[in-house]
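# Geometric and topological summary
So the chains spell out like this:
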Amino acid sequence: MGSLSRFYERNGAMMATYLILAVTFWILILIVLPQIAMIDFSLRFDLPPSKQGGPEDVYTLANYRFFIFGHPGNIDGYNVVDLKVFGRTLLAAVFVTIFDLIICYPIAYYLAQVAQGGWARVIAVALIVPYWINEILRAFAFRIIFGDIGLINTALKSLGLIDTSIDFIREDVALYAGLGYAYILLMIFPLYNAIESLDRNQIEAARDLGAPWWRIHWRVVIPFAKPGITSGCTLVFMLAAGALAAPQVLGGPSSLWFTQLIYQSFYEYLNWSRGAAYAIILLVTCTLFVLLMMRVFNVKLGEIGK
Amino acid sequence: MNARAPIRFFTAAYLLLFFAYLFGPLIIMSVTAFNSSAFPRMIPWECLTFEWFGKAANDTRLKWGLQNSAVIGAGVVLLSVTLGLAGALFLTQVWPRARAAYYTVIISPVLMPGVVLGISTILFWDRTAKLMGASTESGFYNGIFLTILGQSSFIASYCMLIFIARLQRFDTGLMEAALDLGATQAQAFRKILLPFLKPAIGSAAVLAFLASFENYNTTVFTISHYNTFTTEIAQKVRLGIDRGRHHRADACRRARARGLEPLCREAPEDRRARCRGLLQRQPRCHPVPHGGRRGPHHRLVRPVSQRGGLQGPCAGG
């Protein structure tokens, strides 16, 4: 209690009460308890309300078992469809992350170390402006470009290069382009923050010592920017794997994103327990994957600023 | 200097390419808004028209969505700025040993998929409502209320990051000086800290509103049978893409999943068409285990035929 009264003394009664109430509300009501409720739901059978709380309402791993093995009596023995969607989602999210890292690194470096004064500000604004436009519309713009009667297909046809439309949607080209586009900003800013704090003298020293440009990046800039690279990649990977808008607008008819399976569990099969279990599977797997990658690249959690 | 000329050339070319990727799709989309073709397209150009803007302005559903978005945005700004500020101030005072754990918990919503946040919010409040025996008309089932809470859980973290960045430049000596000169804690806060944080409060509020307005992943779960501007647009876009395939409107599905069926009526032929669409679309068909269900009132509100309509052909396939 000593620290509590000291806290009150330091902040004054009103401030201390506000701080404690607000932080408790945020952590408990908005973050922790909802997660616990979700875990609880995922560990129960999907029962009609009349049976809830009855003798059949017991804890079970059935929803998780369903994710791996599917329905009992399933010919394959495994829930091939859902597992495939899950694997594809993670793989595609990794792909999108790498794509964004590669295209954003030069821009972040340019903005942080090369561009100066007003020009740098113009570029920063130009980076932000497209993100004032709604996520759905940004995805839809790619539909207009890549669609069946979209810009590219119509242009190629009128030039006589192709006879039948190329199905960019089915091939997921549109989806990857749209997802990569959606998270550019989230990659650039952590990279920029990290590279910006690098002392220019270090780069110049390396150059004076005769290092070619690629070695300056490899040995000086990238090691220095590692925490920024990690936070950028973490953000993009988590959000790409959890994306719902872009896959709904740009996904092909036969390919699903894992979040779409969750959406279906909720709104088409009305099975909230399975939806909750799938959401937890997504969250836990992505978190573990990120932690594993941080270990592989030897970055500590504390190094990630923001 | 000559040796650097190619590098300059490549830099310029790369910048051009990058910004073409960034702006190209948006420019193309904006141009299609002026083409009279029913599907948004640039070629073939039919004729220049402003008709679509008139249509959008007269669309009552969009107007409703806009209104809901504004209400939710205002709520989110108030709640997230309040919580974010408290979170940032608390961080400077929490015991050093607990700081890392506290920071991890409070920053985690930024990294959580929006879908997870939305789901956990509705499940938690569903549970709470049942524990308290609240009816479906109560606030616990109100999509706007739930959306404000669901969105604030992560938008508050954004706000907190802005406040932390600003607080790092704060000279605590100023507060101490004020206290030494006899100011009360409340006075020192109001006269010193708050003015210092004012620009940060402004940018946090703007960011919170924008993030709330364009959010889809969380909102689509928490909004229930309402629609925000973004979910309304998403519904239009999806209906436009799946031409020929009959979707039940998104808001109707959500209402059904929450046991709020009477709020949304569907013509029987729509239902049949939709179920056929469902079969064509999905190579597999999960039978619905216990039939759909949710919400304390659903037994009263869901006609049996409706469930049969969804389940019959699916279970058969």
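Residues numbered from 1 in each chain as written. Chains lettered and ligands numbered in written order. Predicted model: local features only at pLDDT ≥ 70, side-chain atom pairs only at ≥ 80, totals over all residues. Heavy atoms only, no water.

What follows covers the overall build of chain A. Looking only at helices and strands, chain A features 15 helices and zero strands. For a compact globule of 306 residues, the expected C-alpha radius of gyration is about 19 Å, and chain A comes in at 25 Å, more than 25% above that figure. Projected onto its principal axes, the C-alpha positions of chain A cover 80 × 75 × 35 Å. The long-range share in chain A, meaning contacts at least 24 apart out of those at least 6 apart in sequence, stands at 63%. Total accessible area on chain A stands at roughly 14300 Å², and carbon and sulfur atoms take up 67% of it. Distance between charge centres in chain A, computed from 21 positive and 20 negative side chains, equals 7 Å. (Helix = DSSP H or I, 4+ residues; strand = E, 2+ residues; numbered from the N terminus. Rg over C-alpha atoms; globule rule 2.2 N^0.38 Å. Contact = heavy atoms within 4.5 Å. Areas by Shrake-Rupley, 256 points an atom, 1.4 Å probe, with all protein chains shown as cover. Lys, Arg positive; Asp, Glu negative; His and termini not counted. Charge placed at Lys NZ, Arg CZ, Asp CG, Glu CD.)

When you go through chain B residue by residue, the secondary structure sums to 14 helices and zero strands. Each helix (α) and strand (β) of chain B, taken in turn from the N terminus, gives the series α-α-α-α-α-α-α-α-α-α-α-α-α-α. Relative to its full complement of 317 residues, chain B shows a buried share of 50%. Sequence separation of 24 or more characterises 66% of the internal contacts of chain B that already satisfy a separation of 6 or more. (Buried < 20%, exposed > 50% of the residue type's maximum accessible area, 1.4 Å probe, protein only.)

Let us look at the interface of chain A and chain B. Contacts between the two partners involve 106 residues from chain A, matched on the other side by 103 residues from chain B. For the pair chain A and chain B, the summed buried surface comes to about 9500 Å²; carbon and sulfur atoms form 71% of the total. Contact with chain B buries area across many residues of chain A, yet A:Trp26, A:Tyr267 and A:Trp272 alone supply 9% of it, more than any other trio. For the interface between chain A and chain B, the tally reads two salt bridges. Here B:Glu214 makes a salt bridge to A:Arg138, at a shortest N to O gap of 3.0 Å. (Buried area = accessible area lost by both parts, 1.4 Å probe. Salt bridge = Lys/Arg side-chain N within 4 Å of Asp/Glu carboxyl O.)

Residue and element names in this part refer to chain B. Of all residues in chain B, 73% attain a pLDDT of 70 or more, and the chain-wide mean is 76. Counting contacts from residues 265-317, a segment whose pLDDT is below 50, to residues more than four positions away or on other chains yields 97 contacts. With a pTM of 0.81, the predicted complex shows an ipTM of 0.86. (pLDDT = per-residue confidence, 0-100.)

Residue and element names in this part refer to chain A. Axis separation between helix α4 (residues 80-114) and helix α12 (residues 226-241) bottoms out at 9 Å; the angle between their running directions is 140 degrees. As judged from the angle between their axes, α4 and α12 are oblique. Crossing of α4 against α12: the hand is right-handed. Judged by residue contacts, Thr-89, Leu-90, Ala-93, Val-94, Val-96, Thr-97, Asp-100 and Leu-101 of α4 engage Ile-229, Cys-233, Val-236, Phe-237, Ala-240 and Ala-241 from α12. Here the contact of α4 with α12 is built from residues that sort into 11 nonpolar, two polar and one charged. (Axes fitted to C-alpha atoms, helices over the stretch in contact; angles between N-to-C directions. Parallel < 35°, antiparallel > 145°, perpendicular 65-115°, else oblique. Left-handed = near helix turned anticlockwise from the far one by under 90°. Nonpolar A, V, L, I, M, F, W, Y, C, P; charged D, E, K, R; others polar.)

To continue, consider the pattern of salt bridges. Residues and elements named next belong to chain B. Inspection of every chain in the model, using the stated rule, returns seven salt bridges over all chains. Where Glu-232 meets Arg-61, a salt bridge forms, and the shortest distance between an N and an O atom there is 3.1 Å. Remark: Arg-61 occurs in helix α3 (residues 60-91) and Glu-232 occurs in helix α10 (residues 229-241); sequence separation between them is 171 residues. Assessed through its relative accessible area of 3%, Glu-232 is described here as buried.

Residue and element names in this part refer to chain A. In the structure shown here, the tally under the stated rule is 34 aromatic pairs over all chains. An angle of 80 degrees between the planes, with centres 6.5 Å apart, marks the rings of Phe-189 and Tyr-192 as edge-to-face. Residue Phe-189 and its partner Tyr-192 are both found in helix α9 (residues 184-196); the two are separated by three residues, about one turn of the helix. On the basis of relative accessible area, Phe-189 is assigned to the partly exposed category, the value being 28%. (Phe/Tyr/Trp six-rings, centres within 6.5 Å; stacked < 30°, edge-to-face > 60°.)

Moving on, we get to helix α15 (residues 272-296) of chain A. With 25 residues, α15(A) extends 36 Å from end C-alpha to end C-alpha; this agrees with the ideal 36 Å at 1.5 Å per step. In the segment just after α15(A), A:Asn298 is the residue with positive phi, at about 60 degrees. (Expected span 1.5 Å × (residues − 1).)

Further remarks concern the side chain of A:Ser42. Residues and elements named next belong to chain A. As for its placement among the helices and strands, Ser-42 is situated in helix α2 (residues 13-42). Within polar-contact distance, the side chain of Ser-42 engages the backbone oxygen of Ile-39 at 2.8 Å. Contacts of Ser-42, omitting those with residues within four sequence positions, involve Thr-60, Asn-63, Tyr-64, Ser-273, Ala-276, Ala-277 and Ile-280. (Polar contact = N/O pair within 3.5 Å; in protein donor to acceptor, adjacent residues only side chain to side chain.)

This brings us to the nonpolar core. Counting 172 residues, the largest nonpolar core has A:Leu127, A:Ile262 and B:Phe221 as its most contacted members. A total of 15 residues in this core trace back to one element, the largest contributor, which is α4(A). Setting aside residues up to four positions removed in sequence, A:Leu127 forms contacts with A:Ile107, A:Leu111, A:Leu185, A:Ile188, B:Phe18, B:Phe19 and B:Leu22. (Core = buried A, V, L, I, M, F, W, Y, C linked by side-chain atoms within 4.5 Å.)

Axis separation between α2(A) and helix α4 (residues 96-111) of chain B bottoms out at 11 Å; the angle between their running directions is 55 degrees. With respect to each other, α2(A) and α4(B) are oriented oblique. As for how α2(A) packs across α4(B), the hand of that crossing is left-handed. Here α2(A) contributes A:Val23, A:Trp26, A:Ile27 and A:Ile31 to the contact with α4(B), which in turn contributes B:Tyr102, B:Val105, B:Ile106, B:Ser108 and B:Pro109.

Bringing unusual backbone geometry into the picture now. At A:Leu270, a position not held by glycine, the phi torsion is positive, near 55 degrees. Mapped onto the elements, A:Leu270 comes out in the loop between α14 (258-267) and α15. Here the phi dihedral of B:Ser224 falls at roughly 60 degrees; this positive angle occurs in a residue that is not glycine. Inspection of the secondary structure puts B:Ser224 in the loop between α9 (219-222) and α10.

Attention now moves to a nonpolar patch on the surface. Residues and elements named next belong to chain B. A surface patch of nonpolar side chains, amounting to about 610 Å² of accessible area, comprises Ile-27, Val-31, Trp-45, Leu-48, Phe-50 and Phe-53. With respect to the helices, strands and loops of the structure, Leu-48 is situated in the loop between α1 (5-32) and α2 (51-58). The class for Leu-48 is exposed, based on a relative accessible area of 57%. (Patch = residues over 30% accessible without salt bridge, like charges linked within 9 Å, V, L, I, M, F, W, Y side chains within 5 Å.)

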